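# Inside the fold
If you want the building blocks of each chain, they are given just below.
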Amino acid sequence: MEGSQRNGNLVFAVNGERFELACVDPSTTLLQFLRYHASFKSPKLGCGEGGCGACVVLVSKYDPKLNKVEDFSVSSCLTLLCSLNGCAITTSDGLGNTRDGYHPIHQRFAGFHASQCGFCTPGMCMSFFSALVNADKGNPQVSPPQGFSSLTSFEAEKSISGNLCRCTGYRPIADACRSFASDVDIEDLGLNIFWKNGDSTETKAGKLPPYDPSKDLVTYPEFLKSESITRLDSTRYSWFSPVSIEELQTLLNSSVAENVGSVKIVVGNTGTGYYKETQCYDQYIDLRRIPELSILNRDRKGIEIGATATISRVISFLNEGTDVNLGLYGKMVSQKLAQHMEKIANPFVRNTASVGGNLAMAQKFGFPSDMSTLFLGVDATVSILTVRGREKLKWEELLARPALDSRSVLLSVRIPFKKDGNVLQNFSKFLFETYRPAPRPLGSALAYVNAAFLADVSPRRNGVVIHSIRLAFGAFGTNHAIRAKTVEKHLTGKILNVKILYEAVKFVKLDIVPEPGTSYPEYRSSLAVSFLFKFLYPLTNVDSAVSSGLFDGVGETSVEDGDTSEGNTKTILSPAEQVVESSTEYYPVGEPMKKYGVSMQASGEAVYVDDIPSPPNCLHGAIIYSTKPLARVKSVHLQHQPNSIAEEIIGIITFKDIPRGGENVGALSQFGTEPLFAEDHCEYAGDRIVVVVAKSQRSADVAARTTVVEYDTENIDSPILTVEEAVDRSSFLQGPVFLDTEPVGDFSKGMAEADHKILSAELRLPSEYYFYMEPQTTLAVPDEDNTMVVYASTQFPEYTHSVIARCLGVPEHNIRVKTRRAGGGFGGKAIRNMPVSTACALAAYKLRHPVRVYVNRNTDMVITGGRHPLKVTYSVGFKSNGKVTALHADILINGGISDDITPVIASHVIAALKKYNWGAFSFDLKNCKTNLTSKSSMRALGDVQGSYIADVIIENVASVLEMEVDSVISQNVHTYESLKLFYEHSAGESGEYTLPSIMDQLATSSRFVDRRNMIDEFNEKNTWKKRGISRLPIVHEVMQHATPAKVSVLQDGSIVCEVGGVEIGQGLWTKVKQVIAYALSLIERSWSEELVEKVRIIQIDTLSLVQTGFTAESTKSESSCEAARRCCNILVERLTPLKEKLQEQNGSVDWTTLIREAEAQPIDLQAHAYFVPDSSSGQYLNYGAAVSEVEIDILTGQPRIMQSDIIYDCGQSLNPAVDLGQIEGAFVQGIGYFMLEEYLTNEDGLMVTNSTWTYHIPTIDTITKRLNVRVLNSGHHKKRILSSKASGEPPLLLAATVHSATRAAIREARKQLKHWGKLDKYDSEFYLDVPAIMPVVKTTCGLDYVEKYLETLISKPST
Ligand SMILES: Cc1cc2nc3c(=O)[nH]c(=O)nc-3n(C[C@H](O)[C@H](O)[C@H](O)COP(=O)(O)OP(=O)(O)OC[C@H]3O[C@@H](n4cnc5c(N)ncnc54)[C@H](O)[C@@H]3O)c2cc1C
Ligand code: FES
Ligand code: FES
């Protein structure tokens, strides 16, 4: 073993197990090895681009010289295996697992309800574990209280800032992590299973699963230390690790001379997250073993950074720096650079991403780099190695040169220090600032513009003089960072005043001009103005600049005014309240139990489709889609691939491969079908053309990415992409507009009664992508006699089954679809999984091999579709007091290419729109057919749009009347009488109508009126920050659907249950378990707790349980519970006489004895039930309300959600912890829709925001800072299933409060402009687009706000 290592074998350890690989393809990533070569399934593949954190593992590296182990998190999807020679890797199941016991991190994640679908959870745990290790391992100086870490709460939160979770809304995850922090106040932690209300703080701390750093942090196995770590044998691995520059040079020269083919210089390999690799390299040259390239030095003259130094190392180095006297300049620059770099990428990328790699990407490919701008700002020099030898030059000069060739190497960067105050420029002082406004404030998103400014200034009696200034800007849609030289020239030598600043901001707009095709060009230019203003405005008044300490190195150049803080808590989230009221009527139903299987989700052992081991000879498929709408497909060319990939490609599957008797069908709903593949024509961008099959997923994906499809559009109609075009060309979906609701009253009469009218106002809503963390995936395994088992991540196994059978032309009993769990669905795995599963099954059928399809994130985003965009034109009449008398809405729904589920959306839009009493209400809806991907069910389908439209109409009324929006809402919230009129079939009893009381309770609990007054004061005092607050109600109608269940009791008394619902993270299994325990304990109440432990819910198998239906629309948990309860009732009926007999005989009986006797009798211990909801109670209304407060930054357009308060009526919750999780998760997903997620398409309708780089779902730093939730227990509801109500979708609608509060804040910003007399071209009414991303907010405030402000100052006589 040791001998082979001396020969240069790749040796490493995973979870303490030693691996030695004699050869490996050098392009193999750590994730590929862990998941597909070995069988470590806990790191998941969520994006493959470093942007989601699902794949995070810990890497530990031993330094024999220092006898020290360095531990850091990495994204295993980007890290190359060959770069880990001698390293130890720890995955989440290595920390703890089902057999060896869970790690306290797993236990706390489970106990704080911090995992729903669980797909993100192992990655979260590892990101946090990395922070814990680094805080506590071998750190005897700090001694936190026993059981806690020396980590702070802020560090705990920051550690997961780069990890995405689509389910939980992050608050419980943050609580689980913070529970380890030394500075945590236990009382601030949220709902958990560990303690009860009333426990003392000490008791609570004592009940947390114990954490012992000396035991819980073992990362590097001793045996690996003794292995002699040598270089890999380059002849076998094509992996070179030179140890000196000379060797590197020789290697590069020989590579050139010998013409070895393609060579890749590599360090962290994170660049492939952005520039997807579609080629294989013949040689890799790893720079990390060259000591000179990893140096970090500093002295009074400057800082030297080696090219392979990782961004994380550089940050730590810049933050240390106290031992060396760097002078004021050195300190200031170090601190600011470190602060900026902490926002680059995310922690697990920064840990391997090198400075040189970043700069090389910027110089060679025009990457929108932060580093490049920072180094341009500080006038850095770089040292490079080219074929001509070594060279030193300014970074600015290198940027201006042609792109470095692939054999040129960046060696190091030097930041020169400057000296304050020379003799000539007495008291001169350097000021340095950097900026990077981005969709996510803590990083994990590229900046819209970044900037670094350096100025040498002195105070004079008549003002501040600028001796010199460097203004570097980057990432704004420019090939590389540039200096705003016109502005620099304009300012140099001048004494700054408002007029000069005003001229400078005009000039900066001439210098900072994004290239054509860049999104939001004017916004980006206006940001440049904002930065310059922020930097220089404080210097326009010399007295205040001096008194604020700017020249003493104490103050910062900032225009913050008034109080923008909220107390002194420096944490990302603030402590929030969760109020849940459990009930005991149906115990253990109603208990806030932890989710079933949650610890196993945290350790990563929970099995998703891609975790099922591949059968031998399994092949892999990748979908090739059309990039054109409406075109003839002339040809599909697989490009020439390098040998290693070409050898793996098996071929392509097209519609021609559909067997005789089968149909070209890929999706099925009750309204129709959708073809699996385009035949001669593709009909929309994203249409499936073929599936390419290869021996590995990677080869299939590379082949799909590089395939060239030729199109022909001659004599083909132009595509229909908008609803307007669809109406013009009468293009409507075939399915009926399915409406179970009628207009109310007489619209004309209502309009006649109105004092005011708004006629034909318009608004639009965009689409939204699901972003389930587990992409679409299926494994199809052919079996005997033409049968097939299909493992699919689907919410609709029943129809997936049918569509596969139809496509293959086989009877349905030949197909068996199995679904254990899905890593999130949100509606996107109902109809939209079917084409993936069908294509996979077809490939398996044709090739007679098992086939797997794991759709990569980019393709998934393009082909899957999403929420329905729509356009509304409305006319509304209202009284002067705000009471609406009539509303008519014409709604055009963009359904995309196929019927899918679109016919039902109308009912949802209208039901949600009816949440206010409009007096008279009429409507018209059209389902437009367009050449876009099919739009499908997505969490709160149609309801979120309808509810939002209603609120915007009310706000429009308020703005015409110049009334408070909240009082117009109060005028129009339903009375029970009007509710019955508007919701004839679902209004229920008057006692069930809890909305008015919810609104009142919320006003009190959120201190709505007080806070509104405080906000008024805040807005009065602050020029650049404005706040708004909003309170909105929701009424959400749901309908139950028929569903089956089967409950079986085994010989030992354990119980298995199959239900129609799929576990997609919503806690369905947990609720069913509780209900079974309750229902079976009707035999004997004291058995209930024991029974919960005996129940296991198992996967859906479509041949075992039929008519399972789909898991969507919030009610599947309830109906599955009811079906299971009915099974239990049957069993109870069968078992009760026997129990009574045994009790009579023996005095007492337990469950196990009862079952043993029942077996012997024999009694049938399996029961099946099919729950069909009663027509009078299957449809009902859910109520809730929320208050949100938002602060906007006028200079950048950044909104911050300060606080949200929710009250949501769950009836008598089946499990308040699960329902709380649903409420928080749905609310945060709604924040994504309203505030962050841009679903953009190009002129062909092709989705272009198709990556984690461009599509931003909420992260811990973009959600509500403080989210208070009360799960209202409105008591017994006799017609509801065990008195419960839905929680999965309705709370998503409440996120509209965030958008509405943003509008309120913008209104204040516009009011201020009006006050300055500068609102000339703005109306007092305005419309804020969804999502209200930063460019949208700033544009609505006014892109030239700074200019207007300066003009106002200039026009004042005193200036
Ligand atoms: C999710 C994510 C988010 C990110 N966000 C940001 C961000 O907000 N701001 C930002 O600035 N950057 C961001 N980055 C970019 C990141 O900083 C770079 O990917 C990283 O620094 C590259 O370093 P590396 O060692 O991984 O380079 P590699 O991936 O190993 O190499 C990148 C390229 O540079 C070449 N190369 C590497 N080192 C050298 C060298 N010394 N000389 C010559 N060529 C070399 C390689 O051949 C390759 O072409 C992000 C990256 C990811 C994955
Ligand atoms: S899968 Fe690696 S970061 Fe997303
Ligand atoms: S639990 Fe986090 S993505 Fe589902």
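The structure reproduced in this document is the subject of the present report. From a predicted model like this one, the values you see are computed outputs, not experimental measurements. (Residues numbered from 1 in each chain as written. Chains lettered and ligands numbered in written order. Predicted model: local features only at pLDDT ≥ 70, side-chain atom pairs only at ≥ 80, totals over all residues. Heavy atoms only, no water.)

### A look at the overall build of the chain
What counts here: Comment: elements are numbered from the N terminus, with helices defined as DSSP H or I runs of at least four residues and strands as E runs of at least two. The globule rule used here is 2.2 Å times the number of residues to the 0.38 power, and the radius of gyration it is set against is calculated over C-alpha atoms. The buried label applies to any residue whose accessible area, calculated with a 1.4 Å probe on protein chains only, is under 20% of its type's maximum; exposed applies above 50%, and partly exposed to all values in between. All accessible areas in this document rest on Shrake-Rupley with a 1.4 Å probe, and a residue is counted as covered only by the protein chains that are shown. Charge assignment in this entry is limited to Lys and Arg as positive and Asp and Glu as negative, and neither His nor the chain termini are counted. The atoms used to mark charge sites are NZ of Lys, CZ of Arg, CG of Asp and CD of Glu.
When its secondary structure is counted, the chain shows 45 helices and 44 strands. Taking 34 Å as the expected radius of gyration for a compact globule of 1359 residues, we find that the chain reaches 32 Å, a close match to that expectation. Evaluated residue by residue, the chain yields a buried proportion of 65% over its 1359 residues. Of the accessible surface of the chain, which amounts to about 47600 Å², a share of 49% is contributed by carbon and sulfur atoms. The averaged location of the 156 negative side-chain charges in the chain is 4 Å from the averaged location of its 136 positive side-chain charges.

### Regarding helix H21 (residues 521-536)
Heads up, the rule is: In a helix, the anticipated span is given by 1.5 Å times the number of residues less one.
With 16 residues, H21 ought to run about 22 Å at 1.5 Å a step, and its terminal C-alpha atoms sit 23 Å apart, in line with that. Where burial is concerned, most of H21 is hidden: 14 out of the 16 residues are buried.

### Looking at the site of ligand 1
Inclusion rule: Throughout, the term near means that a residue has one or more heavy atoms lying within 4 Å of the molecule or strand in question. In protein, a polar contact means a hydrogen-donor-capable atom and an acceptor-capable atom, both N or O and within 3.5 Å, with residues adjacent in sequence counting only if both atoms are side-chain atoms; elsewhere, any N or O pair within 3.5 Å suffices. Classes in brief: Ala, Val, Leu, Ile, Met, Phe, Trp, Tyr, Cys and Pro nonpolar; Asp, Glu, Lys and Arg charged; the others, Gly included, polar.
Close to ligand 1 lie 37 residues, the nearest being Ile265, Thr270, Gly271, Ser354 and Asp370. Within the side chain of asparagine 358, an N or O atom sits 2.9 Å from an oxygen atom of ligand 1. Here an oxygen atom of ligand 1 sits 2.9 Å away from a polar atom, N or O, in the side chain of arginine 436. Within the complex, 96% of the 960 Å² of free accessible area of ligand 1 lies under protein. Looking at the shell around ligand 1, the elements that each hand over two or more residues are strand S7 (263-266), helix H16 (355-365), helix H17 (370-377) and strand S13 (409-416). Top element by residues in the shell around ligand 1 is H16. It accounts for seven residues. Class assignment for the residues of the shell around ligand 1 results in 21 nonpolar, 12 polar and four charged.

### Focus on the pairing of strand S32 (residues 851-854)
We count it as follows: Two strands qualify as a pair provided DSSP detects at least 2 bridges between them.
Residues Val851 and Val853 line one face of S32 and the alternating positions Arg852 and Tyr854 line the opposite face, and both faces are buried. Two elements, strand S29 (residues 777-783) and S32, share four bridges in a ladder whose sense is antiparallel. Residue pairing in the sheet places threonine 778 in a bridge with valine 853 of S32.

### Topic: the sheet that holds S13
Rule in force here: Angles here are taken between N-to-C directions and fall from 0 to 180 degrees, while the axes themselves are lines fitted to C-alpha atoms, restricted in helices to the stretch in contact.
Taken together, the five strands give an open sheet; going across it, the order is S9-S10-S13-S11-S12, and neighbouring strands pair in antiparallel fashion. Two strands bound the open sheet, and with one partner strand each, they are strand S9 (296-299) and strand S12 (389-394). Neighbour-to-neighbour, the strand axes of the sheet open up by a mean angle of 15°, direction not taken into account. Across five bridges, strand S10 (residues 302-306) lies against S13 in antiparallel orientation. Opposite isoleucine 305, over in S13, you have valine 413 as the bridge partner.

### Here we look at the sheet that holds strand S35 (residues 920-928)
How we decide: Contacts are assigned to residue pairs with any non-hydrogen atoms lying within 4.5 Å of each other.
If you walk across this open sheet you meet the four strands as S28-S33-S34-S35, and the pairing is mixed. In the strand order of this sheet, the two ends are held by strand S28 (756-765) and S35, each with one partner. Ignoring which end each strand starts from, the neighbouring axes of this sheet average 10° apart. In terms of strand pairing, S28 meets strand S33 (residues 870-878) through eight bridges, oriented antiparallel. Bridged to leucine 765 within S33 is leucine 870. Its contacts with the sheet place helix H31 (residues 905-913) against S33, strand S34 (884-894) and S35, and it is angled at close to 155° to S34.

### Overview of the environment of valine 529
Residue placement: valine 529 occurs in helix H21. Take valine 529: its relative accessible area is 1%, and that puts it in the buried class. When near neighbours in sequence (up to four residues on either side) are disregarded, valine 529 contacts Val505, Val508, Lys509, Val1346 and Glu1347.

### Describing the nonpolar core
Going by this rule: In this text, buried Ala, Val, Leu, Ile, Met, Phe, Trp, Tyr and Cys residues form a nonpolar core when linked through side-chain atoms within 4.5 Å.
By size, the foremost hydrophobic cluster in this structure holds 159 residues, and its most contacted members are Phe473, Leu536, Leu539, Ile891, Leu913, Trp918 and Leu1350. Once residues lying within four places of it in the same chain are set aside, the contact partners of isoleucine 891 are Leu870, Lys871, Val872, Val909, Ile910, Leu913, Asp924, Leu925 and Lys926. Among the nonpolar cores identified, the runner-up in size contains 111 residues, and Phe148, Ala181, Trp195 and Met341 belong to it.

### Observations concerning the packing of aromatic side chains
We apply this condition: For Phe, Tyr and Trp, rings pair up if their centres lie within 6.5 Å, where Trp contributes its six-membered ring, and each pair is then called stacked (planes under 30 degrees apart), edge-to-face (over 60) or tilted (otherwise). Whether a charge lies above a ring is judged from NZ of Lys or CZ of Arg, which has to be within 6 Å of the ring centre and within 35 degrees of the ring normal.
All told, the structure shown has 49 aromatic pairs when counted by the stated rule. Measuring from centroid to centroid gives 4.8 Å for tyrosine 274 and tyrosine 275, while their planes differ by 85°, and the two rings are edge-to-face. With relative accessibility at 27%, the residue tyrosine 275 sits in the partly exposed group. A centroid spacing of 5.3 Å and a plane angle of 45° characterise the contact between tryptophan 1316 and tyrosine 1349, whose relative ring orientation is tilted. Of this pair, tryptophan 1316 sits in the loop between helix H43 (1296-1315) and helix H44 (1334-1341) while tyrosine 1349 sits in helix H45 (residues 1345-1355), and the two are 33 residues apart along the sequence. Residue classification places tyrosine 1349 among the buried positions, given a relative accessible area of 13%. Three or more aromatic residues joined by ring pairs form one cluster here, namely Phe533, Tyr537, Trp1024, Trp1316, Tyr1345 and Tyr1349. Over the aromatic face of phenylalanine 1018 sits the side chain of arginine 1027, whose NZ or CZ is 3.8 Å from the ring centroid.

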